[in-house]
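Structure assessment
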Number of protein chains: 2
Amino acid sequence: MNCNTPTDIVFSFEGFRHRAGLTDSHSDGFGIAFFEGKGVRIFRDNKPGHISPIADCVKQYHIKSLNVISHIRKATQGDVNLENTHPFIREIWGENWVFAHNGNLTELPDMSESFCQPIGSTDSETAFCYMAEQLKNRFRKKPNEEQIFQAVQDISNKLAEHGTFNFILSNGEWMIARCSTNLHYLTRKAPFGKAQRVDDDGVIDFNEYAKEGDKVTIITTVPLTKDEVWSKMENGGFVFFKNGEKVWEIIGTPRTEMIDDGTLGTAKVA
Amino acid sequence: MNCNTPTDIVFSFEGFRHRAGLTDSHSDGFGIAFFEGKGVRIFRDNKPGHISPIADCVKQYHIKSLNVISHIRKATQGDVNLENTHPFIREIWGENWVFAHNGNLTELPDMSESFCQPIGSTDSETAFCYMAEQLKNRFRKKPNEEQIFQAVQDISNKLAEHGTFNFILSNGEWMIARCSTNLHYLTRKAPFGKAQRVDDDGVIDFNEYAKEGDKVTIITTVPLTKDEVWSKMENGGFVFFKNGEKVWEIIGTPRTEMIDDGTLGTAKVA
């Protein structure tokens, strides 16, 4: 979720976590990161998201945030444990960067003597470390947003040569989505309507929660609601979101294969 | 807390969090990090530890861990917000390193173009970043524990030339404590006895929770219990703990001043 007003994620999160064992099989751990200024609250559990007590705690406190990344894992590489649980976090240019991946990369650079090294054994964290190392080597200080967006494209397209690389990345100010096989987004703004969740038929009327001017973008592997129009991204596509809206989009090329081996998503108020 | 068996921190944590506004004035945020293998669960709040709903959540789940670092903040440098809340975390040599500081450093190296940069505006996080950068520059791969202990001493003694530098540092395998002005520790092992908390008179009989062979070391600014013998560290002293016991100790020199401007501690079962 990327938005222009602090937003409570519970409506989407409740549908999303059903996919961690109930409506889908992504039950190898869950994580959620809420940005709060330059800080980030991150909750992770190696238990399935739909029964995790940590997920219950998240639900209970209705934390509001401008940028949230959540992930439910279906392990492809690496054991089911805390260090292999997304989202991953690293400091880049004095900011928290949060990353969640859906896919599988079969070949990766050796990071064993690099400045930024993976802690767990997933392809995802190694890819993120490579991205962090490359970005820091290119720019000693934070460049502008267009330079960041371009550099992230260059680096991740190289990584994507060796597998499926859908991801969401945020520094708390913007959110970048990259699609290989499966990623959808929508922006909610006035006039607001109702929505019904795909996973458990839960209904919400956003008019009760949102005000004129609010903009909330949700990015997810598979749409979370059945009565809203989701934009489907293409293979090789990138979108840069800020303040709840799409700023730049690289369309990519239509996909030639469908692989569903991980679920990645962000969520939203009410 | 550093121990040889997964240990529940609640007994100590309940006394410790009283100091975040009730028995002491460290109410500018709290944080607690639990290692779990190479992973770490970290909970932080900019609300005072004694009323934080996040602290309530921590209490509720009785997470057991071999290494726990908790901190209640009394701000000296930097606003009261999430990014300035201890403990801080960075990846070093493919491990999570967690750091909490009690004190105030008035002069620090410029880290604005370094590979590891502070996210918030505290002296503490800048000092930790400097330590991380120096360690990574000295060793591209993880050296042995004696080399780590020696390097941490060299780097932190240089930083301590410019202020008060009590800290606790852990990679999930060992814990290093450094004292400038105020740091105490004790090791609980068989035969176990009873203990009464300083802050609220809560009582525990460790015989009901511990078994033969268990070793649990607690390190804290000010002793948490009134009927156990705590070792007081000296100015410039370092201790390296592993599996619940002291492995190496640098005695340091007796302190010449007492400054109490922050509280740092680790906690323990039951």
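For clarity, every value in this text was computed on a predicted model and none was experimentally measured. (Residues numbered from 1 in each chain as written. Chains lettered and ligands numbered in written order. Predicted model: local features only at pLDDT ≥ 70, side-chain atom pairs only at ≥ 80, totals over all residues. Heavy atoms only, no water.)

With that out of the way, let us pick up the overall build of chain A. Across its full length, chain A holds 4 helices and 16 strands. Rg of the C-alpha trace for chain A: 17 Å, near the compact-globule value of 18 Å for 270 residues, within the 12% margin. Its C-alpha atoms give chain A principal-axis dimensions of roughly 50 × 40 × 35 Å. Taking all 270 residues of chain A together, 62% fall into the buried category. For chain A, the share of sequence-separated contacts (at least 6 apart) that also reach a separation of at least 24 residues comes to 73%. A total of about 9,700 Å² of accessible surface is found on chain A, and carbon and sulfur atoms cover 47% of it. On chain A, the mean spot of the 30 positive side-chain charges and the mean spot of the 37 negative ones are 4 Å from each other. (Helix = DSSP H or I, 4+ residues; strand = E, 2+ residues; numbered from the N terminus. Rg over C-alpha atoms; globule rule 2.2 N^0.38 Å. Buried < 20%, exposed > 50% of the residue type's maximum accessible area, 1.4 Å probe, protein only. Contact = heavy atoms within 4.5 Å. Areas by Shrake-Rupley, 256 points an atom, 1.4 Å probe, with all protein chains shown as cover. Lys, Arg positive; Asp, Glu negative; His and termini not counted. Charge placed at Lys NZ, Arg CZ, Asp CG, Glu CD.)

Right, let's get into the interface of chain B and chain A. Of the residues lining the interface, 36 residues belong to chain B; the matching set on chain A comes to 36 residues. A combined buried area of about 3,300 Å² lies between chain B and chain A, and 55% of that area is made up of carbon and sulfur atoms. The interface formed by chain B and chain A holds 4 salt bridges in total. Put simply, Arg90(A) and Glu91(B) hold a salt bridge, and the shortest N to O gap is 3.9 Å. Joining chain B to chain A, the criterion identifies 20 residue pairs in polar contact (both at pLDDT 80 or more). Going through the elements one at a time, strand 3 (39–45), helix 2 (53–61), strand 5 (88–92), strand 6 (95–105) and helix 3 (123–138) of chain B are the ones with two or more residues in the side of chain B that touches chain A. With 7 residues, the single largest contributor to the side of chain B that touches chain A is strand 3 of chain B. (Buried area = accessible area lost by both parts, 1.4 Å probe. Salt bridge = Lys/Arg side-chain N within 4 Å of Asp/Glu carboxyl O. Polar contact = N/O pair within 3.5 Å; in protein donor to acceptor, adjacent residues only side chain to side chain.)

A few words now on the relation of the copies chain B and chain A. The pair of chain copies shares a relation made of a rotation about an axis and a shift along it. At an RMSD of 0.0 Å, chain B and chain A line up after a rotation of 180 degrees and a shift of 0.0 Å along the axis. The symmetry that links the two subunits is that of a two-fold axis. Among all C-alpha atoms of chain B, that of Cys57(B) lies closest to the rotation axis, at 3.3 Å. (Least-squares fit on C-alpha atoms with pLDDT ≥ 70 in both.)

Right, let's talk about the sheet that holds strand 6 of chain B for a bit. Residue and element names in this part refer to chain B. Spatial ordering of the open sheet is given by 5-6-7-8-14-15, a layout of 6 strands whose pairing is antiparallel. Single-partner strands in this sheet number two, and they are strand 5 and strand 15 (245–250). Within the sheet, the average angular offset between the axes of one strand and its neighbour, ignoring direction, is 20 degrees. Across 8 bridges, the pairing between strand 6 and strand 7 (residues 163–170) is antiparallel. Bridging from a neighbouring strand, Gly103 pairs with Phe165 of strand 7. (Pairing = 2+ DSSP bridges. Axes fitted to C-alpha atoms, helices over the stretch in contact; angles between N-to-C directions.)

A few words on the state of the cysteines. Summed over the entire model, instances satisfying the criterion amount to 1 disulfide over all chains. Paired by a disulfide, Cys57(A) and Cys57(B) hold their sulfur atoms 2.3 Å apart. Of this pair, Cys57(A) sits in helix 2 (residues 53–61) while Cys57(B) sits in helix 2, each in a different chain. Using a relative accessible area of 1% as the deciding quantity, one classes Cys57(A) as buried. Of the cysteine sulfurs around Cys129(A), a residue in no disulfide, the closest is that of Cys116(A), at 3.5 Å. (Disulfide = S-S within 2.5 Å.)

What follows deals with the packing of aromatic side chains. Residues and elements named next belong to chain B. Summed over all chains, the structure comprises 34 aromatic pairs over all chains. Ring centres 6.2 Å apart and planes at 50 degrees place the aromatic pair Phe99 and Phe165 in the tilted group. Here Phe99 is found in strand 6, whereas its partner Phe165 is found in strand 7, with 66 residues between them in sequence. On the accessibility criterion, Phe165 (0% relative accessible area) is buried. Measuring from ring centre to ring centre gives 6.3 Å for Phe149 and Phe238, while their planes differ by 85 degrees; the resulting arrangement is edge-to-face. Here Phe149 is found in helix 4 (residues 145–159), whereas its partner Phe238 is found in strand 14 (residues 238–242), with 89 residues between them in sequence. (Phe/Tyr/Trp six-rings, centres within 6.5 Å; stacked < 30°, edge-to-face > 60°.)

Now for the side chain of Ser52(B). Following the sequence through the fold, Ser52(B) ends up in the loop between strand 3 and helix 2. The contact partners of Ser52(B), leaving out residues within four places of it in the chain, are Arg17(B), Phe30(B), Asp45(B) and Lys47(B).

Before going further, it helps to spend a moment on the side chain of His86(A). Residues and elements named next belong to chain A. Relative to the assigned elements, His86 resides in the loop between strand 4 (64–72) and strand 5 (88–92). Judged by its relative accessible area of 3%, His86 is buried. A polar contact of 3.3 Å, which involves the side chain of His86, links it to the backbone nitrogen of His101. Every residue in contact with His86, bar those within four places of it in the chain, is listed here: Phe30, Gly31, Arg44, His71, Arg73, Ala100, His101 and Ser124.

Let's shift gears to the packing of helix 2 of chain A against helix 2 of chain B. Direction vectors running N to C along helix 2 of chain A and helix 2 of chain B enclose 155 degrees, while the axes themselves pass 11 Å from each other. Taken together, the axis directions place helix 2 of chain A and helix 2 of chain B in an arrangement best described as roughly antiparallel. For the element pair helix 2 of chain A and helix 2 of chain B, the recorded crossing hand is right-handed. Two secondary-structure elements touch here, helix 2 of chain A through Pro53(A), Asp56(A), Cys57(A) and Tyr61(A) and helix 2 of chain B through Pro53(B), Asp56(B), Cys57(B) and Tyr61(B). Taken together, the residues of the contact of helix 2 of chain A with helix 2 of chain B break down into 6 nonpolar, no polar and 2 charged. (Parallel < 35°, antiparallel > 145°, perpendicular 65-115°, else oblique. Left-handed = near helix turned anticlockwise from the far one by under 90°. Nonpolar A, V, L, I, M, F, W, Y, C, P; charged D, E, K, R; others polar.)

Let us look at the sheet that holds strand 6 (residues 95–105) of chain A. Adjacent strands of a sheet pair through backbone hydrogen bonds, lying either parallel or antiparallel. Residues and elements named next belong to chain A. Strand order in the open sheet formed by 6 strands is 5-6-7-8-14-15, and the pairing between neighbours is antiparallel. Where the open sheet ends on each side, the last strands, each with one partner, are strand 5 and strand 15 (245–250). Each strand of the sheet is rotated relative to its neighbour by a mean of 20 degrees, with strand direction disregarded. Bridge count between strand 14 (residues 238–242) and strand 15: 5 bridges; the pairing is antiparallel. Directly across from Phe240, in strand 15, lies its bridge partner Trp248. Against the sheet, helix 4 (residues 145–159) engages strand 6, strand 7 (163–170), strand 8 (174–178), strand 14 and strand 15, with an angle of about 145 degrees to strand 14.

On to the confidence of the model for chain A, then. All names here are of chain A. On average, residues of chain A score 90 in pLDDT, and 94% of them reach the 70 mark or higher. The low-confidence segment residues 255–270, where pLDDT is below 50, has 89 contacts with residues more than four positions distant or belonging to other chains. With a pTM of 0.91, the predicted complex shows an ipTM of 0.90. (pLDDT = per-residue confidence, 0-100.)

Turning our attention to the pattern of salt bridges. Residue and element names in this part refer to chain A. By the definition in use, this model includes 40 salt bridges over all chains. Across the pair Arg90 and Glu125 runs a salt bridge whose closest N-O atoms are separated by 2.9 Å. On the criterion of sequence distance, the pair formed by Arg90 in strand 5 and Glu125 in helix 3 (residues 123–138) is long-range, its members being 35 residues apart. Exposure class is identical for Arg90 and Glu125. Each is buried. Note that Arg197 and Asp200 form a salt bridge whose closest N and O atoms lie 2.7 Å from each other.

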